[in-house]
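Here is how the chains run, residue by residue.
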Amino acid sequence: MSIKRVFIYLIAFIVPPLTLGLTLTFHTLSQLMVHQAPPPFETPEQKPADAHKSVAPTGKLKAMIVLSNSGTEITELLGTYEILAESGKFDIVTAAYDRRIVPTTSSVGLIPDYSLNNSPEVDLLVIPSVLDGSEPRLVGWLTSHAKRAKLILVMSEGARLGMNAGLFKHRAGTSHRLAISNLTKSEPTARWLSGIRYVIDGKLISTSSVTASLDATFYAVEKLAGLPAARKTEKALGYRWMREADPTHAGLTPAPLPKGIGFDPQEIGQMVMRAGYDWEKRNVGVLVYPGVSELGLAAALDTFPRTFRMRLAAVGPDRELILTRHGLGLIPHQGLKEAGDPDFVLIPSGMAPGGLPPSTDPLKIPIVHQWMVRSQALAKSFLSDLPGTAFEQNLT
């Protein structure tokens, strides 16, 4: 057999399955990276063009989480919200350029409290990772308003938005490892640091990853409300805050970018095998119910899809506004009437503020119980677990 024929056979047997695997891999990755637009939803208080909830003065610090109408990272939104709320030191609001339902990186949406142009002055401004870091309206608002805050927390790839708004000019900062090289070219006046969790430069804090953003939020609580408040919050949530190891101040020199800062070949191979060739993906339903922990819900919605072996959907008893543990209004893309039958159901933490056990088991809600009986799905409940343990619990 000639070498040419052997080569043709190899191409015939290897290229088609490899092409199929890569195509399915990119499709799976796109489901994680592209923010699915939520179905339309309207609440009575949304109807006036720029209506927002009325908040009486409380004497607490003011914090605002900036949302994108194109999509916002779920853990940086929900985890940050719960840490700040649990501290008891902050009144927290959300704002987007347009006050309409906004998507997240998972199958839940929410309606911002404010449009940015009508948002209040705040002490802490939080900029999570967003899909459209170059959106002119977001960039313009941040350019003119961000520096009024006492502290600015820029999370992971939210650095793209912060950079475009000029927040990193002649400053030190960090971001996700895959973004550092591009940020260095785009904003050469900044000192971009790699291989660390978060960087503090005056009132600007930037983080390198989703979980580092949670640790940096604890630092923000310490900075504005004191270390005892941050430690009390850490204990109440059951979260392990690596305070001594994390803060990296701006005086450090940039670490050299390590070779192969992206995925190594073994990671890529494993990703292609799981995402492209594991066709028996399990359908997982994550139950969104009144009183659900923001951090516990985020851990489920962010962790399971990254295995590439599961299709995940957040579902509520009905498609309605559901208030979380600390009163954040979320809207699942599906109610149980629209949801299919899952293979597995996950019930995130529902511990009430102050460490109190949940008042109601969501599995005992009649429509939820009927759904479980009909689907005969396996269920795993973290209902009575502390929210701060959610990432570790889900990984096990």
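Model, not experiment: these values are computed from the prediction.

Q: Can you break down the sheet that holds strand β19 (residues 378–381) residue by residue, with the values?
A: What the 5 strands build is an open sheet, ordered β17-β14-β13-β18-β19; its pairing is parallel. Every interior strand has two partners, whereas the edge strands, β17 (334–335) and β19, have only one. In the sheet, strand β18 (residues 344–347) pairs with β19 via 4 bridges, with the strands oriented parallel. From the neighbouring strand, Ile-347 faces β19, where its bridge partner is Ser-381.

Q: Give me the lowdown on unusual backbone geometry, citing residues and values where you can.
A: In this structure, Ser-156 is a non-glycine residue whose phi angle is positive, near 45°. Of note, Ser-156 is situated in the loop between β7 (151–154) and α4 (159–164).

Q: Describe the nonpolar core, and please don't skip the residues or the numbers.
A: In this structure, Leu-78, Phe-90, Ile-92, Leu-124, Val-286, Leu-297 and Leu-301 are the most contacted members of the largest nonpolar core, which totals 68 residues. Ranked by the residues each element gives to this core, the list is headed by helix α2 (residues 74–87), at 7 residues. Those residues in contact with Leu-124 that lie beyond four places of it in its chain are Lys-62, Ala-63, Met-64, Leu-84, Phe-90, Leu-151, Leu-153, Ala-220 and Leu-224. Counting 30 residues, the second-largest nonpolar core is a separate cluster that includes Val-66, Ile-127, Ile-152 and Trp-192.

Q: I'd like a rundown of the pairing of strand β16 (residues 329–332), residues and numbers included.
A: Every second residue of β16 is oriented toward a common face, with Gly-329 and Ile-331 on one face and Leu-330 and Pro-332 on the other, all of them buried. When strand β4 (residues 108–110) meets β16, the two strands line up antiparallel, connected through 3 bridges. What sits directly across from Gly-109, in β16, is Ile-331. The sheet contact formed by strand β15 (residues 322–323) and β16 spans 2 bridges and is antiparallel. Counted as the bridge partner of Leu-323 is Gly-329 from β16. Taking the residues that link successive antiparallel strands as the turn, the β15-β16 hairpin has 5 residues, and the phi of Gly-327 there is positive, at about 85°.

Q: Account for the pattern of salt bridges, naming residues and giving values.
A: It is possible for side chains bearing opposite charge to pair when their charged atoms get close. A full pass over the atoms with the stated rule returns 14 salt bridges. As a salt-bridge pair, Glu-86 and Arg-325 come within 2.9 Å of each other at their nearest N and O atoms. Separated by 239 residues along the polypeptide, Glu-86 in helix α2 and Arg-325 in the loop between β15 and β16 bring together distant segments of the chain. As far as burial versus exposure is concerned, Glu-86 and Arg-325 are alike and both buried. Notably, a salt bridge pairs Arg-197 with Asp-215, separated by 2.2 Å at the nearest N-O pair. With Arg-197 in the loop between β9 (191–192) and β10 (198–201) and Asp-215 in helix α6 (residues 210–225), this residue pair connects regions lying 18 residues apart in the sequence. Residue Asp-215 is classed as buried on the basis of its relative accessible area of 1%. A single network of salt bridges, built from pairs that share partners, joins Asp-98, Arg-100, Glu-135 and Arg-137.

Q: Give me the packing of α6 against helix α7 (residues 227–237): which residues, what numbers.
A: At a closest axis distance of 6 Å, the pairing of α6 and α7 adopts a crossing angle of 145°. Where α6 approaches α7, its residues Phe-218, Val-221, Glu-222 and Ala-225 are matched on the opposing element by Leu-227, Ala-229, Ala-230, Thr-233, Glu-234 and Leu-237. Across the contact of α6 with α7, the residue classes break down as 7 nonpolar, 1 polar and 2 charged.

Q: Help me get a handle on the side chain of Ser-106, residues and values and all.
A: Along the chain, the position of Ser-106 falls in the loop between β3 (102–103) and β4. Once residues lying within four places of it in the same chain are set aside, the contact partners of Ser-106 are Leu-301, Leu-312 and His-333.

Q: Provide a residue-level description of the environment of Lys-60, including the pertinent values.
A: Looking at the secondary structure, you find Lys-60 in the loop between α1 (3–33) and β1 (61–66). Of the residues examined, Lys-60 reaches a relative accessible area of 37% and is grouped as partly exposed. The contact partners of Lys-60, leaving out residues within four places of it in the chain, are Gly-88, Lys-89, Phe-90 and Asp-91.

Q: An account of the packing of aromatic side chains is requested, with residue identities and associated values reported.
A: In total, this model carries 4 aromatic pairs according to the counting rule given. With a centroid separation of 6.0 Å and an interplanar angle of 45°, the aromatic rings of Tyr-198 and Tyr-219 are classed as tilted. Here Tyr-219 lies in helix α6 and Tyr-198 lies in strand β10, a separation of 21 residues in the sequence. Between the aromatic rings of Phe-218 and Trp-241, the centroid separation amounts to 5.5 Å while the plane-to-plane angle is 20°, which identifies the pairing as stacked. Taken together, the residues span a long stretch of sequence, with Phe-218 in helix α6 and Trp-241 in the loop between α7 and β12 (247–249) at a distance of 23 residues. Its relative accessible area of 0% is what places Phe-218 among the buried residues. Residue classification places Trp-241 among the buried positions, given a relative accessible area of 4%. Ring pairs connect the aromatic residues Phe-218, Tyr-239 and Trp-241, which therefore count as one cluster.

Q: Please give an account of the environment of Gly-140 that cites residues and values.
A: Relative to the helices and strands, Gly-140 resides in helix α3 (residues 136–145). Overall, Gly-140 belongs to the partly exposed group, its relative accessible area being 36%. The spacing of Gly-140 and Ala-165 is 25 residues in sequence and 6.9 Å in space, taken between C-alpha atoms.

Q: Go over the pairing of β18 with me, naming the residues and quoting the values.
A: Residue alternation in β18 divides its side chains into two sets, Phe-344 and Leu-346 and Val-345 and Ile-347, and both sets are buried. Of the pairings in the sheet, the one linking strand β13 (residues 282–287) to β18 comprises 3 bridges and is parallel in character. Counted as the bridge partner of Gly-285 is Val-345 from β18.

Cut-offs used in this document
- Residues numbered from 1 in each chain as written.
- Predicted model: local features only at pLDDT ≥ 70, side-chain atom pairs only at ≥ 80, totals over all residues.
- Heavy atoms only, no water.
- Pairing = 2+ DSSP bridges.
- Helix = DSSP H or I, 4+ residues; strand = E, 2+ residues; numbered from the N terminus.
- Core = buried A, V, L, I, M, F, W, Y, C linked by side-chain atoms within 4.5 Å.
- Buried < 20%, exposed > 50% of the residue type's maximum accessible area, 1.4 Å probe, protein only.
- Contact = heavy atoms within 4.5 Å.
- Salt bridge = Lys/Arg side-chain N within 4 Å of Asp/Glu carboxyl O.
- Axes fitted to C-alpha atoms, helices over the stretch in contact; angles between N-to-C directions.
- Nonpolar A, V, L, I, M, F, W, Y, C, P; charged D, E, K, R; others polar.
- Phe/Tyr/Trp six-rings, centres within 6.5 Å; stacked < 30°, edge-to-face > 60°.

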